[in-house]
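Given next are the chains, with one letter for each unit.
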Amino acid sequence: MRRRLLVIGLFAASSLFIASLFIIHLVFVDLPSLDSLTTNLVVPSTKILDRRGRLLYEIADPAGKHHTTVPLAEIPLALQQATIATEDASFYSNPGVDLVGIVRAMWINLRGGEVIAGGSTITQQVARNHLLDPQERAERTLARKLRESILAWRLARAYSKDDILALYLNQTYYGHLAYGVDAAAQTYFGKHAAELDLAESALLAGLPQAPSLYDPLTDPQAAADRQAIVLDLMVKQGYITAEDARLAKSEKPKFASTPFPIGAPHFVFYVWDLLERKYPPEVLHSGLTVTTTVDLDLIHLATDLAARHLKTLANDPLGIPHGASGAALVALDPRTGEILAMVGSPDYFNAEASGAINLAVAPRQPGSAIKPITYAAAFSPDLCPDLGSAIRNSQSAMDCPWTPATMILDVRRSFVTKEGYSYVPQNYDRQYHGPVLAREALASSLNVPAVVALDHVGLRTMIRLAGRMGLTTLSDADRFGLALTLGGGEVRLLDLTSAYAVFANGGRRVEPVAILEVTNAKGETIERRPDPGPLLQGEGEQVLDPRVAYLISDILSDNQARAATFGLNSILQIGRPAAVKTGTTTDYHDNWIVGYTPQLAVGVWVGNADNTPMVKISGVSGAGPIWHDFMRAALQARPPQSFVEPPGLTRVEVCALSGLLPSPSAPCPYRVGEIFIAGTEPAQTDNLYQRFKIDTTTGQLADANTPPNRVVEKIFLVLPPEAESWARQAGIPRPPRQRAGAQASGEAGEIVVTSPDPKTVYHITPLLPEASQQIRLSAMSGVALVRLTFVLDGQPLATLDASPFETWWQLAAGDHTLQVVGEDAAGKKYRSEAIGFSVRN
């Protein structure tokens, strides 16, 4: 037995010895010498070309002419501290190695997992990036982690901490082809590293972990969020005070770039970001040739048009200081998704306008340019099952799906937000337009109908469709309210243009494409986009009913339908069929226009990179001229094409106000032809125009006692009760009130409280006499009432026997409920819905 145990012991010991030799060989053999720490390998340049093979930019060796080494003494202390707080809080006390990280890596390796290259000390990062060869650097193995740790331990013995920190700061990649803090400072801020302040230092210190994710020139908000994390870490480590961090967070960065030869700079860095996400550094710097989708001629055209129009705005003949300094443009082939042009600003190197920020991919609020997606959701038959309670709870009890002939009341109305407050949307012209059809409401960009439409379909349904069409920045429905349909959420110009391309492509979604081919230094193809050939509609995933896509295109290209807002000779016309929508955000922060033909989709943004508001510039006057001129020039050599009508659509003549079929008993005076998805055509006849018998002597309704020779029939427009106030202000003749016991033909309706709005919160101020602090209580009815009573908190407050039905009530603190009770001449009772409001001291 002892002999057997001895044999087993010797075998185990020899196995352990052999395994140890193997590990020692694996870890220590060919371990790089520290002498190679500062050796720079010269690699071939990477070339980025346009679709015709013309050079956009040649990326030199990162250790070459674009890199400058600066001593640690010239690097601001704030940047050093920010880097240490973010990357390696124990830098000056640890032995150069993250012992916890090594143990964690061994445990993951024993469990068969992949070793993640995160949590390394600054010294380990220097060892990995400058001592290991590119192939080993890319490995995620326990052996590489151990070799990296041994090298880091040796580095910490051979070099001072300051030397290691200086090497890290001078060699680390900060994005946008900037290696080292001095190159990064000049790339992002147009200054040397020594001139950086605390806010700028914190922003740079947050970049190395993910330069493309936190890129301040493509996503300033993500960069700001990351900067805030770095500043909080500096407070935690005692480097700065909380007040220092607060002031730094509030500082608005001024981005700039030092001029260098480059064509389409925003697009080049967009492509480089895509490459960085896909390939490791050793591939990126191995001499690639990248053929992209853009046409350099279109880039130059877009840049020149943007610069020229901004100059025109700056020299307004009326002397209005519009204050617009930035513009961006994206052009796509809607059938292939290929990006034909991308301009993030007219001048990448304009520091005053923060020209280096790529506004083609930076999230901004789109204003009314988002409305077509809301209406697309409302028109979609396949989304009706998703609406459910949204329709039942909607303030519009209209059928599902809507059609371009759905009547929407553009009148003052209140909606209750998810926070429980009253929301009253207003139109751009601060006016209401009464009953309008969905076609006119969308084409003329009316705000109130758009909110009604979103209230009808529901936020989640609209956001889900927007996501399918490519607007991923709107994915969190809990962040938004009904104002989303007016541009209350941020989107990227590239994404919104791509979403409009879905309409142009018959409801099919094609992901934006920027790269056609990538070859290595030997000419071997690494990736290639398949040749799409002579594509027709049909490429991509079907994310929207093709009939709905056609309806949206037909509405957005209907010059007559948009004439009420834009006129018949607006800049939205380009001499061929084109669908287009503008957008203007509150206080003129952003101007948008996105439009398309079957061959080309183009989006334009005008505003300021720092989000300061402009002065009296709408989407049509700000972004419109750039879009108009670009579309005409880009399509000049192509024959006009109409949008292809898919099967399953029908045409029906309807009344121009109600969208219903003309009634033979009281024919509507204005009719229009409209397009419908088969099966959604109206079956009901018009009920707005009603015939009444009038006593010519009294002007009142005739009854059974009225002599026949005094009776004349007249047709009146009878609107729903919520439109009564608008009709009265518009001067629309109302039918006479009923006599006692008389019944008007076909007249029906209910009582609606028009003031106060539901969930309104009023405040009593000590600055005014209490008796003067009153609110108006008012109601409308679609039936002829002989009396109406306001009931407040269950107690009658006031009884009226004539229209207008309104009274005044002095504010009293508390939560209140108001209901209105009415009675007609026959004694029939009517009750409004009870609405709640609050008064606070």
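Quick notes on the rules
By convention here, each chain's residues receive numbers from 1 onward along its written sequence. The predicted nature of this model means local features are confined to residues of pLDDT at least 70 and side-chain atom pairs, given and counted, to a pLDDT of 80 or more, with totals for whole chains, interfaces and linings taken over all residues. To obtain the side-chain values, all non-hydrogen atoms of the structure were included, while hydrogens and water were left out. The predictor attaches a confidence to each residue, and that confidence, scored 0 to 100, is pLDDT. Whether two residues are in contact is decided by their heavy atoms, any of which lying within 4.5 Å being enough. Cysteine sulfur atoms that pair up within 2.5 Å are treated as a disulfide. Each helix is a run of H or I in the DSSP string that is no shorter than four residues. Each strand is a run of E no shorter than two, and both are numbered from the N terminus. Note on pairing: two strands pair once DSSP finds at least 2 bridges between them. Take the buried Ala, Val, Leu, Ile, Met, Phe, Trp, Tyr and Cys residues and link them wherever side-chain atoms come within 4.5 Å; each set so joined is a nonpolar core. Only protein chains enter the calculation, and the probe is 1.4 Å; a residue is then buried if its accessible area is under 20% of its type maximum, exposed if over 50%, and partly exposed in between. Each cavity reported here is a set of points on a 1 Å grid over the protein atoms alone in which a 1.4 Å probe fits but cannot get out, each pocket an open set with protein on both sides within 12 Å along at least five of seven lines, and each lining residue one with an atom within 4 Å of a point. Grid points are joined across faces, edges and corners, and a volume is the space filled by probe spheres set on the points. Throughout, the ten residues Ala, Val, Leu, Ile, Met, Phe, Trp, Tyr, Cys and Pro are labelled nonpolar, Asp, Glu, Lys and Arg are labelled charged, and all others, Gly among them, are labelled polar. Between Lys or Arg on one side and Asp or Glu on the other, a salt bridge is scored when a side-chain nitrogen of the former is within 4 Å of a carboxyl oxygen of the latter. Only the contacting stretch of a helix is used when fitting its axis, a line to C-alpha atoms as for every element, and angles between N-to-C directions run 0 to 180 degrees. Each crossing gets its handedness from the near helix: less than a right angle anticlockwise from the far helix is left-handed, clockwise is right-handed.

Further remarks concern the confidence of the model for the chain. When pLDDT is averaged along the chain, the result is 85; 85% of the residues meet or exceed 70. Per-residue pLDDT stays below 50 along residues 388–397; that stretch engages in 18 contacts with residues further than four places along the chain or on separate chains. Low confidence marks residues 738–749, where pLDDT is under 50. Its contacts with residues over four positions away, or in another chain, come to 28 contacts.

Moving on to the state of the cysteines. All chains considered together, the criterion is met by one disulfide. Here Cys655 connects covalently by a disulfide to Cys668, the sulfurs 2.1 Å from one another. On the sign convention where negative is left-handed, the bridge of Cys655 and Cys668, at about -80° about the S-S bond, is left-handed. A residue pair is termed long-range when its members are at least 10 positions apart, and Cys655 in strand S17 (residues 649–655) and Cys668 in the loop between S17 and strand S18 (671–677) qualify at 13 residues.

This paragraph deals with the pairing of strand S27 (residues 814–824). The pairing of strand S24 (residues 785–792) with S27 spans seven bridges and is antiparallel. Residue pairing across strands places Phe790 opposite Val820, the latter belonging to S27. Pairing of S27 with strand S29 (residues 835–840), which is carried by five bridges, proceeds in the antiparallel orientation. In the sheet register, His816 faces S29, and the bridge partner there is Phe837. Sheet analysis places S27 next to strand S28 (residues 829–831), joined by three bridges and oriented antiparallel. Paired with Val821 across the two strands is Arg831, which belongs to S28.

Turning next to the nonpolar core. In this structure, Leu204, Phe267, Tyr375, Phe503, Tyr596 and Phe630 are the most contacted members of the largest nonpolar core, which totals 185 residues. With nine residues, helix H21 (residues 493–504) is the single largest residue contributor to this core. Ignoring sequence-local partners within four residues, the contact set of Leu204 consists of Leu79, Tyr174, Val181, Ala184, Ala185, Tyr188, Phe189 and Leu196. If you look at the next biggest cluster of nonpolar residues, it comprises 20 residues, including Leu788, Phe790, Trp809 and Tyr830.

By the definition in use, this model includes four cavities of 30 Å³ or more. Of the voids in this model, the largest cavity is the one considered here, and its volume is about 70 Å³. Residue composition of the lining of the largest cavity, by class: four nonpolar, three polar and three charged.

In this section: the pattern of salt bridges. Here the structure, examined in full by the defined rule, presents 32 salt bridges. Between Asp273 and Arg277 there is a salt bridge; the shortest N-O distance is 2.9 Å. Taken together, the residues Asp273 and Arg277, both in helix H12 (residues 265–278) and four residues apart, mark about one turn of the helix. What makes Asp273 buried here is its relative accessible area of 16%. Judged by its relative accessible area of 53%, Arg277 is exposed. In this structure, the salt-bridge partner of Asp815 is Arg840, at a minimum N-O distance of 3.1 Å. Of this pair, Asp815 sits in strand S27 while Arg840 sits in strand S29; the two residues are 25 residues apart in sequence, bridging distant segments of the chain. A residue is classified by how much of its surface remains accessible, and Asp815, at 58% relative accessible area, is exposed. Relative accessible area serves as the criterion here: at 35%, Arg840 is assigned to the partly exposed category.

Quick look at the packing of helix H2 (residues 77–87) against helix H9 (residues 198–205) now. The contact between H2 and H9 brings their axes to 8 Å, and the two run at 35°. Once H2 is placed against H9, the crossing between them reads as right-handed. Residues Ala78, Leu79, Ala82, Thr83, Thr86 and Glu87 of H2 lie in contact with H9, whose contacting residues are Leu198, Ser201, Ala202, Leu204 and Ala205. Counted by class, the contact of H2 with H9 contains seven nonpolar, three polar and one charged residues.

Here we come to the environment of Ala376. Note that Ala376 resides in helix H15 (residues 371–379). Given the relative accessible area of 0%, Ala376 is considered buried. Considering only alpha carbons, one finds Ala376 and Met462, 86 residues apart in sequence, at a separation of 8.6 Å. Those residues within four positions of Ala376 in sequence are excluded, and the remaining contacts are Leu465, Phe503, Leu544, Val548 and Ile552.

A few words now on the sheet that holds strand S16 (residues 601–607). Overall, antiparallel pairing links the five strands, which are arranged S5-S4-S16-S15-S14 in an open sheet. The open sheet is flanked by strand S5 (339–343) and strand S14 (579–584), the only strands paired with a single partner. This sheet shows a mean twist of 10° between the axes of neighbouring strands, independent of strand direction.

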